[in-house]
Every structure is written in structure tokens, then in C-alpha cells.
Amino acid sequence: MTQAPTPTADTVRRLVRSLLKDSANGTPGPDVRPVAEGGEHSTWWVGTRHVLRLAPDREAALRQRRELRLRDLVRPHLPVAVPTSVAHGEWAPGLTYTLDIAIPGGTAEEHDVSAVGEADLAGLLTGLREVPVRQAETLGVPRTPPRSLEALRRMAVAAAERLAAADEFDPARLHQLTPPGAAQLAAQPGAAVLAHHNLKGEHLVVSADGRVRGVLDWTGTAVGDPAEDIAGLALAVGSGAAVRAATLAGYGARPCLRGLWLARCDTVIRLTDRLEGRDDSPLQLLRTRLGRAWETILLERVTELREDTEDDEEL
């Protein structure tokens, strides 16, 4: 198997010169520099107005081609910006690129989301639920089965004991989620929607005034459990803000609590993996996400959940 080439600054400069009129006639063109955040794609800032994303392998290239079509499908349904490509093609045989217009703003790791920003997030969740699922599947968006919260709970309980030994976490906090509670929070049949499935803080574009201006990286989008996006928001902006946004979007207690506990179990497991050398994510980021997911909120009495299925859409 031929090894995929590694993009360099020279690779990016040559590609940019061929794409942007500003770089014609031998002029130097805009500065290029790698984006600090990690990710599946090799991502570069191109001046202050553009972002270049290079797929590193053929599987990523397939997802990027699908993403370009998917962004056009979701854009009319969302109140926040979705990146727009001004050029796309191949930067190496079988490996794609997209040159996107940068959405102004920072990330949710840099700016706190305001109350109005929570309304933006509610609009995002509402819009995703309105995207026709069958059209998304026609574009090749996969359907992902919901995760077992009970299986995740058991993994988190074991991980929490190891975190306790490292003085990182009180495992008694996980006792709030009992096996019957996990069963009660199982995903409901017919509840699948189009989910971004990767709503991390670096994928939310947030302005200095706390408004959510855009959402990046649609390569992991799937038809599946809406609680996964609620869980992602819990890691990005905190459990309180995530649940408030989901409630404003029309989700009831069950999907909100399911998302909350998915996030809580995930953060315990991820931090344990990092401390034991199985994850190379920044340690402080994982600790920050743990704190966000475990914020105390009012909607936590799992044993008193009512039968709350009116917010589940049938497909």
C-alpha cells in the first residue's frame, strides 16, 4: 500500500497560489499556518479569511466529499453559519481538500456562551431535527445505533475507582446513575435525527459577546441518537447550558438526562484513559470537560422521570 503524502507548508502554499487570485502573477500570497487544534484533517489558516482542510487518507476524503454535499443540505435549516467552500478538489491523488471561508469568532473554549448563545444552540438542535433524514442518508450519511448507557455506566464505574486512586474524582458521584436509571434512559425507538455527533468546543464558533455564530467539521455527522449532541454540548459549554438549550429546542427530560449521563460517563472514561497512557488528549482539557459534564443541575432526579416520549420524532 502506498503511504499517503504528508502535507507541508510548501504543499499548502503551492495549492493556495493556484486557487486564490491574490496569489497570481508571482505575488507571495497570504500567510499559511497550521490550526492549533487537532483533528482528522490537516487544517491550515490561509491569511485571515480562509481555512484549508486536507484529507490525510482516502477514507477521510470520502467523508469530506460527503460533508460538502451535507453542508448544503443542512444550511437552510440552521440559524448559525455552516462553512462555505470556495474551492475543492484533490491535493494528491485520491486525497481531497476544501478551501472554506473562515467564520469570524473564537471557539467555545475561548469564549463563554451567553444566554442568547444558548438560544442559538437551541436553534441548532431544532434545525438538525428538521433536516430530512432520508435526504441525508441519500448523501451517504450513516445511521448509527444508540449506545448502551448501562454498558457505558459499568465502564465508568470501573474507571472512576482508578480516578479515585489518583485523587481525581469521587466515584460515589456515579451512584446517582443506577442500573434501573440507565435502563429508564435508554434511547427510544423512532427517535433518530440528524446529529452532528462531534459538538466539541473547538467546533463551535463563538463571538466575544457569547453568541454562537457557526458550527464546524461535519465529517462525523450521522443519523442517530439526539442525546449525543446534547452530550457534546455538555462537554463544550457545560451541562446546565446544554440542558437549557435542549429544553428550549423541545427535548424533554429523558433525552436531556440521557445526554447528560453519556457526557458524564464519557469524561470519566476519557480522563482515566489519559492518565493511564491510552489517550493523548491535553490533560487540562479533559479535566475541564469533566468539570463541565458534572455540573449540578436541577434535572437530575432520574428515579422520578415521567414517561416523556412526546418529543421523539418518528422517521
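This text follows the structure it describes.
Let me sum up the structure you'll find in this document. Predicted, not measured: the structure shown is a model, and the values here were computed from it.

## Here we look at the nonpolar core
Okay, step 1: Counting 68 residues, the largest nonpolar core has Leu121, Leu124, Leu194, Leu204, Trp218 and Val237 as its most contacted members.
Okay, step 2: Setting aside chain neighbours within four positions, we find Trp218 in contact with Glu67, Leu70, Arg71, Val74, Leu78, Val82, Pro83, Leu124, Leu128 and His196.

## Concerning the sheet that holds strand E2 (residues 42-46)
Paired through their backbone hydrogen bonds, the strands of a sheet run either parallel or antiparallel.
Okay, step 1: Strand order in the open sheet formed by five strands is E1-E2-E3-E5-E4, with antiparallel pairing between adjacent strands. Edge positions in the open sheet fall to strand E1 (32-34) and strand E4 (85-92), since each of these has one partner strand only. Strand-to-strand twist in this sheet, taken as the mean axis angle between neighbours without regard to direction, amounts to 25°.
Okay, step 2: In the sheet, E1 pairs with E2 via three bridges, with the strands oriented antiparallel. In the strand pairing of E2, Val32 is matched with Val46.
Okay, step 3: Each of E1, E2, strand E3 (50-54), E4 and strand E5 (95-101) is contacted by helix H1 (residues 9-19), which is oriented at about 120° to E3, the strand it contacts most.

## Observations concerning H1
Okay, step 1: For H1, the full list of buried residues reads Thr11, Val12, Leu15 and Val16. All buried residues of H1 lie within an arc of 125° about the axis, which places them on one face of the element. Opposite the buried face of H1, at more than 90 degrees from it, the exposed residues are Arg14 and Ser18.

## A closer look at the packing of aromatic side chains
Okay, step 1: Taken as a whole, this structure holds two aromatic pairs when the rule is applied.
Okay, step 2: Seen in terms of ring centroids, Trp261 and Trp294 are 5.5 Å apart; in terms of plane orientation they differ by 90°. Their pairing is edge-to-face. A residue pair is termed long-range when its members are at least 10 positions apart, and Trp261 in helix H9 (residues 253-275) and Trp294 in the segment after helix H10 (283-293) qualify at 33 residues. The residues Trp261 and Trp294 share a single accessibility class, namely buried.
Okay, step 3: Cluster of aromatic residues (ring-pair linked, three or more members): Phe169, Trp261 and Trp294.
Okay, step 4: Cation over ring: Arg129 sits above Tyr251, and NZ or CZ is 4.3 Å from the ring centre.

## As for unusual backbone geometry
Okay, step 1: Non-glycine residue Asp167 carries a positive phi angle of around 60°.
Okay, step 2: With a phi close to 55°, Asp217 is a non-glycine residue in the positive phi region.
Okay, step 3: Its location among the elements puts Asp217 in the loop between strand E9 (212-215) and strand E10 (222-224).

## Considerations on the pattern of salt bridges
If charged atoms from side chains of opposite charge come close, those side chains can pair.
Okay, step 1: Inspection of every chain in the model, using the stated rule, returns 25 salt bridges.
Okay, step 2: With a shortest N-O distance of 2.8 Å, Arg244 and Glu118 are connected by a salt bridge. With Arg244 in helix H8 (residues 239-248) and Glu118 in helix H3 (residues 115-130), this residue pair connects regions lying 126 residues apart in the sequence.
Okay, step 3: Looking at Arg244, the relative accessible area reads 48%, which means it is partly exposed.
Okay, step 4: Of the charged contacts in the structure, one is a salt bridge between Arg162 and Glu276, with a shortest N-O distance of 2.8 Å. Of this pair, Arg162 sits in helix H5 (residues 149-165) while Glu276 sits in the loop between H9 and H10, placing them 114 residues apart in sequence.
Okay, step 5: Here Arg162 falls in the partly exposed class, since its relative accessible area comes to 38%.
Okay, step 6: Three or more residues are tied together by salt bridges with common partners; here these are Arg53, Glu67, Arg71, Asp100 and Asp217.

The rules behind these values
- Residues numbered from 1 in each chain as written.
- Predicted model: local features only at pLDDT ≥ 70, side-chain atom pairs only at ≥ 80, totals over all residues.
- Heavy atoms only, no water.
- Core = buried A, V, L, I, M, F, W, Y, C linked by side-chain atoms within 4.5 Å.
- Buried < 20%, exposed > 50% of the residue type's maximum accessible area, 1.4 Å probe, protein only.
- Contact = heavy atoms within 4.5 Å.
- Pairing = 2+ DSSP bridges.
- Helix = DSSP H or I, 4+ residues; strand = E, 2+ residues; numbered from the N terminus.
- Axes fitted to C-alpha atoms, helices over the stretch in contact; angles between N-to-C directions.
- Arc of directions from axis to C-beta.
- Phe/Tyr/Trp six-rings, centres within 6.5 Å; stacked < 30°, edge-to-face > 60°.
- Lys NZ or Arg CZ within 6 Å of the ring centre and 35° of its normal.
- Salt bridge = Lys/Arg side-chain N within 4 Å of Asp/Glu carboxyl O.

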